[in-house]
Amino acid sequence: MASEGVGVRSLPARAGIGLRSPHVAEVLAARPALSWLEVHPENYLGGGPAVGALDQLRSEYPMAFHAVGLSIGSAEGVDRRHLDRVRGLVERFEPALVSEHLAWSRSGGAYLNHLLPLPYTEESLAAVCRNVDAVQTALRRRILIENPSAYLRFACSTIPEAAFLAELARRTGCGLLCDVNNVHVTAQNLGLDAVGYLDAIPADAVAEIHLAGHSANDVDGRTLLIDDHGAPVDAAVWTLYEHALRRFGAVPTLVEWDTAVPPLEVLMGEARQADARRRAVSEDARAA
Amino acid sequence: MLGLPELQARLAVALLREDAREIVGAVASDGLSPAARVAVYRNHVFASLTDALAATYPVVCRLVDRRFFGFAADRFIRSHPPTGPCLFEYGGGFPEFLAGFPPCAGHPYLADVARLEWTMNVALHAEDARAMEPARLGEVRPENVGRLVFRVDPSAAWLRSPWSVDRIWRTNQPGADFGAIVDLTTGPVRLEIRRRDDHVTLRALEPADFALRAALGAGASFEAAADAATAEDPGFDLAASLRALLEEGLLTGFSLHPQEGGPPS
């Protein structure tokens, strides 16, 4: 687990939800029974009501930060100005975990607002390790790195993604966030074996699991899965989630929903289903 | 084989300029053309940034309709990609872009509506600040009053337009009377935009009051701001206006201009 300073509540090994702006007022008013919340720090780097709401929520729920803009895959390094702002927010709110993606979004000073793919080479590994070191040093804590959804593979890649993540964790001491939906999406889009991918992830490094929905699109006669976080968790992903739980043990799980955001109750229903699957897997393990 | 910096620069170009020629050779096909795979990323970049602009500029989007807005946003994103990862900070150059965008030439008020929406967005996310205690002005010797340089609420801004952009904005809010016709000839307007109690407020000011507040907001000394106000209205009641600024909590602190004509300390 990430280093836990004074006042940091750790996350329960239950399912939380990714808190998005359409639900903030409702959660503040009704204080529903949510195991924990995850937010994108990039949405809270100003002042005003958004940050005020986060202050109130922080005292009520365990919370994690899930960054999307640190661009730890950029060859040009981490944007120090942005990192300083994130550090300020982390120091203020002391989230239980901080995570980011194995991806990049910044090149030549432009931010492309997407989790862009890396070639998996020794050069990339060295760059990502440098950047993760820089983030962990600035934040003075271990962070988690999440596997992205991929729609392409670079021909020059020489290292399987799971092995790349394993080596990243070994060299930097970072933990891993295993997004089971992303494993499924990437495996389908690139013709990989999802179970084999999970089996190649070092189980002791995994400190969080993500779940979300995706959509299936026809592109030139071939089905491509798009990680749009706009649907319930797919049946195949639930099955893969159970395999992940058997591999990684009971770790905090998060359900994300970002496009066509449904009523809060629907998201809570997904979290309850994740909890039910976790209980079933641990009962099976005891019975065996 | 491309090095990582070159590969990232080429993919960035492929995404922003819709020209994948320089990158497709580096992408494995795996049963689908590299160009189609790159296009998946491009679609997301443009769709998500267009959504971000539409969230910041909902009234502009309503005025020109979503399809035209998407067209304008596409051109804007190509030439002005984000320079930071926070979407609420993206799009400050959109009003200027619209002002010079030939297809918008028939809507001369559009860029000012966009300026208003951007100013309101900045106000919403501005840092919180505490109003100064009015009694603190008692520390200032009377001969130094003209040299006062106030700090103002960071959410406050002043905007002038030849068009009634405040009416256009109000008429295009959810729940407003969409059938209402806005008389564009009732301008010019002088507006104060400010966040109060978590809500962004918008109000019209008289010319002299506007001149005073806008000058203070720009960091002018109290004397220079007062001169700007009396130039608009020789009968301007400066003392009453200062009281109003304090009562409204607009002022958050002050320093003294080091000397007449010099920069503020």
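Our structure is the block above this text.
What follows concerns the state of the cysteines. For the structure shown, the criterion picks out zero disulfides over all chains. Cys-104 of chain B takes part in no disulfide bond, and the closest cysteine sulfur to it belongs to Cys-61 of chain B, at a distance of 12 Å.

Here we come to the environment of His-44 of chain B. Along the chain, the position of His-44 of chain B falls in helix 2 (residues 34-56). When its relative accessible area of 36% is taken as the criterion, His-44 of chain B is described as partly exposed. With 13 residues separating them in the primary sequence, His-44 of chain B and Tyr-57 of chain B have C-alpha atoms 20 Å apart. Excluding residues within four positions of it along the chain, His-44 of chain B makes contact with Asn-113 and His-114 of chain A.

What follows deals with the interface of chain A and chain B. In this assembly, 44 residues from chain A lie in contact with 44 residues from chain B. Of the roughly 3700 Å² buried where chain A meets chain B, counting both sides, 65% is carbon and sulfur surface. It is Tyr-111, Leu-112 and Asn-113 of chain A that lose the most area in chain A upon contact with chain B, and together they represent 16% of the buried surface on that side. For the pair chain A and chain B, the interface holds two salt bridges.

All names here are of chain A. What the second largest pocket holds in volume is close to 330 Å³. Lining the second largest pocket are 21 residues, and of these Tyr-120, Arg-153, Pro-160, Glu-161 and Leu-192 sit closest to its centre. Mapped by element, the contributors of at least two residues to the lining of the second largest pocket are helix 5 (161-172), helix 6 (180-190) and helix 7 (194-200). When residues of the lining of the second largest pocket are assigned to their parent elements, the largest contribution, three residues, is made by helix 7. Classifying every residue of the lining of the second largest pocket gives 14 nonpolar, four polar and three charged.

Rules of the game
Residues numbered from 1 in each chain as written. Chains lettered and ligands numbered in written order. Predicted model: local features only at pLDDT ≥ 70, side-chain atom pairs only at ≥ 80, totals over all residues. Heavy atoms only, no water. Disulfide = S-S within 2.5 Å. Helix = DSSP H or I, 4+ residues; strand = E, 2+ residues; numbered from the N terminus. Buried < 20%, exposed > 50% of the residue type's maximum accessible area, 1.4 Å probe, protein only. Contact = heavy atoms within 4.5 Å. Buried area = accessible area lost by both parts, 1.4 Å probe. Salt bridge = Lys/Arg side-chain N within 4 Å of Asp/Glu carboxyl O. 1 Å grid on protein atoms, 1.4 Å probe; cavity = no way out; pocket = protein on both sides within 12 Å on 5 of 7 lines; lining within 4 Å. Points joined across faces, edges and corners; volume = space filled by probe spheres on them. Nonpolar A, V, L, I, M, F, W, Y, C, P; charged D, E, K, R; others polar.

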